[in-house]
Amino acid sequence: MVQTLLVIDDSIDIHRLLDVRLRPEEVVLYHALSADEGLQKVRELKPDLILLDVELPIRSGFEVCQTIKLDPALADIPVIFLTAATDIHTKVQGLELGAVDYVIKPFDPAELRARVRAALRTKRYHDLLSARANVDGLTGIWNRSYFNQRFGEEMAAAQRYGRLVSLVMLDLDHFKAHNDTFGHPFGDRILQVVGDILHSAVRTTDAPCRFGGEEFAVVLTETAADGALVIADRIRLRIATTVFRPKDVNVPVTASFGIACSEALGSDTVSVARMIQAADNALYRAKNEGRNRVCLATPPTDRSGSA
């Protein structure tokens, strides 16, 4: 996978020089000419590496780095400072703020590429380890730990920028009875198939997660209630029409769904806990109304399938 690099520097000449110097590297370069533009692009792009000028006007590179490191959604992005200063105090100050390295202007081409490669290599290893730690071992989709982190980030964006986010909660119907009748290996197989269905049914920007036991959650970015209903009902139908044959017996497997949307609940005030509670309440309403159906938290509109 090609990695991304953001250069934040007020000198157009530095941007042109870095374009030339880093051309041999397999990276996609993005550019920002001010601190504010740089922070905006960091939040939008979440690059794999930031090259940050220390001597920016209005807000210094040190202030920009501190802002990045205080944001949990951005803190893991490595920062390399660009500076003409060679004194130890400047270097120590930057490293204490969380930067991983310094490159002194004017750049030595070989040194610049070596430091960039080292930082990107470390970032790739970190991402691989993080991904493994956040994947559910049975289903292969994201786990509860990742859900907590990702949903918190999406809800923060919804509150700050008014972005849409919908949460789909689903619970397998009569799962304990399937386990008791056909054994836990069959139950595990159901969970694996549902994980595959969720993974293939959503976009790469969404997050299908195993919430716990036989319960799953799907974080849908930039998705209003109508879109969430369509996606949830598509998943419901795929689960209900999948053939399971333990011991040569056809076993119907269904799931019940609850949906909450930040827009409907108030994007600027709704919390993570309130969204989860609203989706969970809608899920239990789907259970009480006959299972194998989708219920929307607010407004109270259901989309039902055959039981």
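Before any of the text, the structure's been laid out above.
A few points on the structure. As the structure is a prediction and not an experimental result, all values here were calculated from the model. (Residues numbered from 1 in each chain as written. Predicted model: local features only at pLDDT ≥ 70, side-chain atom pairs only at ≥ 80, totals over all residues. Heavy atoms only, no water.)

1. Quick look at the nonpolar core
One finds Leu 170, Leu 172, Ile 239 and Phe 257 to be the most contacted residues of the largest nonpolar core, which totals 33 residues. In terms of residue count, the dominant contributor to this core is helix 8 (residues 184-201) (eight residues). The contacts of Ile 239, once residues within four sequence positions are left out, are Leu 170, Val 194, Ile 197, Val 253, Thr 254, Ala 255 and Phe 257. Counting 24 residues, the second-largest nonpolar core is a separate cluster that includes Phe 147, Phe 151, Met 169 and Ala 282. (Core = buried A, V, L, I, M, F, W, Y, C linked by side-chain atoms within 4.5 Å. Buried < 20%, exposed > 50% of the residue type's maximum accessible area, 1.4 Å probe, protein only. Helix = DSSP H or I, 4+ residues; strand = E, 2+ residues; numbered from the N terminus. Contact = heavy atoms within 4.5 Å.)

2. Observations concerning the pairing of strand 1 (residues 3-8)
Of all six residues that make up strand 1, six are buried, and the element is covered over most of its length. Residues of strand 1 alternate between two faces, with Gln 3, Leu 5 and Val 7 on one and Thr 4, Leu 6 and Ile 8 on the opposite face, all of them buried.

3. A short note on the packing of aromatic side chains
Taken as a whole, this structure holds seven aromatic pairs when the rule is applied. Both rings, one in Phe 62 and one in Phe 81, keep their centres 5.2 Å apart while their planes meet at 80 degrees; by these two values the pair is edge-to-face. Of this pair, Phe 62 sits in helix 3 (residues 61-70) while Phe 81 sits in strand 4 (residues 79-83), and the two are 19 residues apart along the sequence. Among the residues examined, Phe 81 registers a relative accessible area of 0% and is labelled buried. Measuring from centroid to centroid gives 5.2 Å for Phe 147 and Phe 211, while their planes differ by 85 degrees, and the two rings are edge-to-face. Here the residue Phe 147 occupies a position in helix 6 (residues 144-161), and Phe 211 occupies one in strand 7 (residues 207-212), the gap between them amounting to 64 residues. Take Phe 147: its relative accessible area is 0%, and that puts it in the buried class. One residue, Arg 144, lies across the ring of Phe 211, its end atom 3.8 Å from the ring centre. (Phe/Tyr/Trp six-rings, centres within 6.5 Å; stacked < 30°, edge-to-face > 60°. Lys NZ or Arg CZ within 6 Å of the ring centre and 35° of its normal.)

4. A short note on the pairing of strand 5 (residues 101-104)
Relative to strand 5, strand 4 runs parallel, the two being bridged by four bridges. When the sheet's bridge partners are listed, Thr 83 is paired in strand 5 with Ile 104. The parallel pair strand 4 and strand 5, bridged by helix 4 (residues 88-96), forms a crossover whose chirality is right-handed. (Pairing = 2+ DSSP bridges. Right-handed = clockwise from strand over helix to strand, strands pointing away.)

5. Section: helix 2 (residues 35-45)
Residues of helix 2 that are buried: Ala 35, Gly 38, Leu 39 and Val 42. Relative to the axis of helix 2, the buried residues are bounded by an arc of 100 degrees and lie together on one face. Check the buried side of helix 2 and you find it contacts strand 1, strand 2 (27-32), strand 3 (49-53) and helix 3. Immediately downstream of helix 2, the backbone of Lys 46 shows phi near 45 degrees, a positive value. (Arc of directions from axis to C-beta.)

These values are about where atoms sit, not about what they do.
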